[in-house]
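Breakdown of the fold
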Amino acid sequence: MSNSVLEIKAISGHAGPTPGRDASRDYDVCKLIDVTTCIGCKACEVACLEWNGYPFRETVFDNTYQTMPDLAWNYYNLIRFNEHVAEDGTLSWLMRKDGCMHCAEPGCLLACPADGAIVQYQNGIVDFNQDNCIGCQYCVTGCPFNIPKFNHETKKVHKCTLCSDRVGAGLEPACIKACPTGCLHFGSKDDMKDLAEKRVKQLHEHTSHKSAGVYDPPGVGGTHVIYVLHDIDHPQYYGGLPKDPQIPLVVRIWKGPLKWLGNFAIAAGILTAAAHFVRYGPKKVEEGQKKEVE
Amino acid sequence: MNAAATEYAPPDAIQRYTFHERVMHWLTALSYSYCLATGLAFYTPHLFWLAVMLGGGPTSRFWHPILGIGFFLGIIWMHLVWRRQMEITETDKRFLSNVEDYATNRDDRVPPQEKYNGGQKLYYWLMYYGMFLLLFSGVFLWFPEYIPFSLAWVRHLMIILHECAALITIGGFIVHVYMSTLLVPGSMTAMIHGFVTRTWARTHHRLWYIRMTGGDPVGKE
C-alpha cells in the first residue's frame, strides 16, 4: 500500500494554507540534527536514558562540556564538545549529538554473522536484536562511525534504535521530544533534507557561516540521521565526524569476494576428493605380500 | 606392542601410534573440528545452522576461542612429540617431486618412505604454522573491545588474516580427512587402535618397516 493515500489534501474550516499539505508521508524516517542551534543542554541524553530504562551513569569531567569520553552500551546518545579555534583566531564551541547514523548501507549489518541480529527496517531504521546477537562485535568492525558498544556482562552489543518502538507506534524519538531549542527534527527523509537545505540557505544568507552544509554522507548510501553543520568542509571538527565515511574496504572484500572464493574452494576441495576417489579408488597394499600374511 | 593394542591386533601387527600419540591426535582433532564447525558458522550464513546445532550462536562464540586454545595446546604437544620425525628430508623431497605417481595410486613407482611421507609432513607443518596465524589473529578477534577505534585497521587486518589462515588449514584438513578415511584403508585403524599390518607398513612406509622389523619379510613371524 502506498502511503500517499494518507497525505492531506484539504481540511475543512481552516483559514489560509492547509497545514500538512504536500508534506511527505513516505515510509522512510529521518532525524535532523541542526548543530548550529544546539546549546549542549543534554536533554536528549537524559530523555534517551529515560525512555530506554537505563540508569544515569557517572559522568567523567574532562574540562569540557561533554558528559563522558565516549558512547556506552547503555548510553546511545552523547553530545560531543569541541572548542574550535578558527584560522582567524575566533573561538567556537561545537556541540554535536553523536549516535547511530542509521546508514542506508549499514556496515554493521554487512559484517554481522548472526542470523537476524541486525535488522534494517523499510523506514530506514537499523536496529540491533540482542536476542540474536552472539557478541562477536563484527558490527564494530563494520561501522565507520564507531557507534556499537559492547556489554561485557551480557556479551551483547547495543546502539541507538532511533526509538523504533516509539516510531512504530507513531511517536517521534525520545530525544526529539526533549530538545528545547528545536535543534532536533524528525520526519520523512525528503522533508528533513528540505528543512536542512532551508536552514543552510538561511545560514549562508544571514550569518557568517558561508560554508554551512548538510551532512548526509553518500559513501554509506546516505543516512537516516543528518546534520546541519556550520562548516561542512571540516566535519572532523565536530568530535571526529568522518569526512567521507565508507564501509571499510576490508569488510567489503571479506563479506564479498573472499567469502565466495572460500566457499567455492571448500566445495571444490570436497568434490575433488570425491572425484579422486571415484577415479583412483582406495590405495591397495601389495597383493603378493598380502597372500603371505593370509 | 603394548598390552592395549595387542587385544585388537593381529599377531604380526606393528605399532604405529602409542596410546599417548592417539590421545594427543584426537584431542587436537576434536578441538580443531569444533573450531572449524563454529568458525564456518560465523563465516557464511548458509552454515550458521552449525552454530545452532552446537548450542546456539552465543555459546559457539563463547567456546570457539577457548577450544582454539585447546587446538593450540594440542599442536604444541604434537610438536614436542613429533617435531624430529616431521623434519623434511631428502627422501621426502624425492617423494614430493614424484607426488603425481602417489596421487594417481601408481605406488610401485613411489620411492620408499619413512614413518611419515613428505605429504604428511607438509600437512603437519601447514597446521603448525597455520595454528600460530590463527592464534595470533584470533586473540584480537576474541577481545576486539580493547582495540581503540583509531586502530580499526588492526581489527580489519586480523579478520582477513584469521579467515585466510583458516581457509588454508581447511584445504589441508579436507585432504587429511579424505586420505585417512577413504584413500588409505588401514590408516584410521592405526589412529584408533594404534597398529598397522605388516603389509600396510611395507607398502606405504617401507623404510620405517625395515627399521621396525630389521627387514624381516612379511608374514614370517
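Our subject in this report is the structure included herewith. On a predicted model such as this, the values are computed, not experimentally measured, just so you know. (Residues numbered from 1 in each chain as written. Chains lettered and ligands numbered in written order. Predicted model: local features only at pLDDT ≥ 70, side-chain atom pairs only at ≥ 80, totals over all residues.)

Examining the nonpolar core
By size, the foremost hydrophobic cluster in this structure holds 76 residues, and its most contacted members are A:Val35, A:Cys112, A:Cys139, A:Cys175 and A:Ile226. Here A:Val35 is in contact with A:Leu94, A:Met95, A:Arg96, A:Tyr227, A:Val228, A:Leu229 and A:Tyr238, once residues within four sequence places are set aside. Grouped together as the second largest cluster of nonpolar side chains are 14 residues, B:Cys35, B:Phe71, B:Tyr124 and B:Met127 included. (Core = buried A, V, L, I, M, F, W, Y, C linked by C-beta atoms within 7 Å. Buried ≥ 20, exposed ≤ 12 C-beta atoms within 10 Å, placed from the backbone. Contact = placed C-beta atoms within 7 Å.)

As for the packing of helix 8 (residues 257-280) of chain A against helix 8 (residues 152-183) of chain B
One way to put it is that helix 8 of chain A packs onto helix 8 of chain B with a least axis distance of 10 Å and a crossing angle of 15°. One element, helix 8 of chain A, and the other, helix 8 of chain B, form an angle in the roughly parallel class. Handedness of the helix 8 of chain A/helix 8 of chain B crossing: right-handed. Residue-level inspection shows A:Leu258, A:Gly262, A:Ala265, A:Ile266, A:Gly269, A:Ile270, A:Ala273 and A:Phe277 of helix 8 of chain A in contact with helix 8 of chain B, the latter providing B:Glu163, B:Leu167, B:Ile170, B:Gly171, B:Ile174, B:Tyr178, B:Leu182 and B:Leu183. For the contact of helix 8 of chain A with helix 8 of chain B, the residue count by class is 12 nonpolar, 3 polar and 1 charged. (Axes fitted to C-alpha atoms, helices over the stretch in contact; angles between N-to-C directions. Helix = DSSP H or I, 4+ residues; strand = E, 2+ residues; numbered from the N terminus. Parallel < 35°, antiparallel > 145°, perpendicular 65-115°, else oblique. Left-handed = near helix turned anticlockwise from the far one by under 90°. Nonpolar A, V, L, I, M, F, W, Y, C, P; charged D, E, K, R; others polar.)

Topic: the environment of A:Asn132
Here A:Asn132 is to be found in the loop between strand 5 (126-128) and helix 3 (138-142). Aside from chain neighbours lying at most four places away, what touches A:Asn132 is A:Ala114, A:Asp115, A:Gly116 and A:Ala117.

So, helix 6 (residues 189-206) of chain A
Residues and elements named next belong to chain A. Taking 1.5 Å as the rise per residue, helix 6 with 18 residues should run 26 Å; its terminal C-alpha atoms sit 25 Å apart, in good agreement. Of all the residues in helix 6, the buried ones are Lys189, Met192, Ala196, Val200 and Leu203. Along the axis of helix 6, the buried positions cluster into a sector of 75°, meaning they face one direction only. Exposed positions of helix 6 whose direction lies more than 90 degrees from the buried face are Lys198, Lys201, Glu205 and His206. Packed against the buried residues of helix 6 are strand 1 (29-34), strand 8 (184-188), strand 9 (213-215) and strand 10 (225-229). (Expected span 1.5 Å × (residues − 1). Arc of directions from axis to C-beta.)

Let's talk about the sheet that holds strand 1 of chain A
Residues and elements named next belong to chain A. Pairing is mixed in the open sheet, where 4 strands are placed in the order 8-1-10-9. Two strands lie at the open edges of the sheet, namely strand 8 and strand 9, each paired on one side alone. The sheet shows a mean angle of 25° between the axes of neighbouring strands, direction not considered. Here strand 1 runs beside strand 8; their pairing, made up of 5 bridges, is antiparallel. Paired with Val29 across the bridge in strand 8 is Ser188. Here helix 6 sits on the sheet in contact with strand 1, strand 8, strand 9 and strand 10, set at roughly 135° to strand 8. (Pairing = 2+ DSSP bridges.)

What to know about the pairing of strand 3 (residues 91-98) of chain A
Residue and element names in this part refer to chain A. In the sheet, strand 2 (residues 78-85) pairs with strand 3 via 8 bridges, with the strands oriented antiparallel. By the bridge assignment for strand 3, Leu78 is matched with Asp98. Between strand 2 and strand 3, which pair antiparallel one after the other, the connecting turn spans 5 residues, and Gly89 there sits at a positive phi close to 90°.

Some points on unusual backbone geometry
Residues and elements named next belong to chain A. Positive phi outside glycine occurs at His102, with the angle close to 50°. Within the secondary structure, His102 sits in the loop between strand 3 and helix 2 (107-111). The exposure class assigned to His102 is buried, which follows from the 29 C-beta atoms found within 10 Å. The phi dihedral of Gln137 falls on the positive side, at around 70°, and the residue is not glycine. Mapped onto the secondary structure, Gln137 falls in the loop between strand 5 and helix 3. For Gln137, a count of 25 C-beta atoms within 10 Å corresponds to the buried category.

Thoughts on the interface of chain B and chain A
How big an interface is tends to be expressed through the accessible area that disappears when the partners come together. Taken together, the contact pairs 37 residues of chain B with 34 residues of chain A. Elements with a contribution of two residues or more to the side of chain B that touches chain A: helix 4 (57-82), helix 8 and helix 10 (198-204) of chain B. No other element matches helix 8 of chain B, which puts 12 residues into the side of chain B that touches chain A. Classifying every residue of the side of chain B that touches chain A by side-chain character gives 18 nonpolar, 11 polar and 8 charged.

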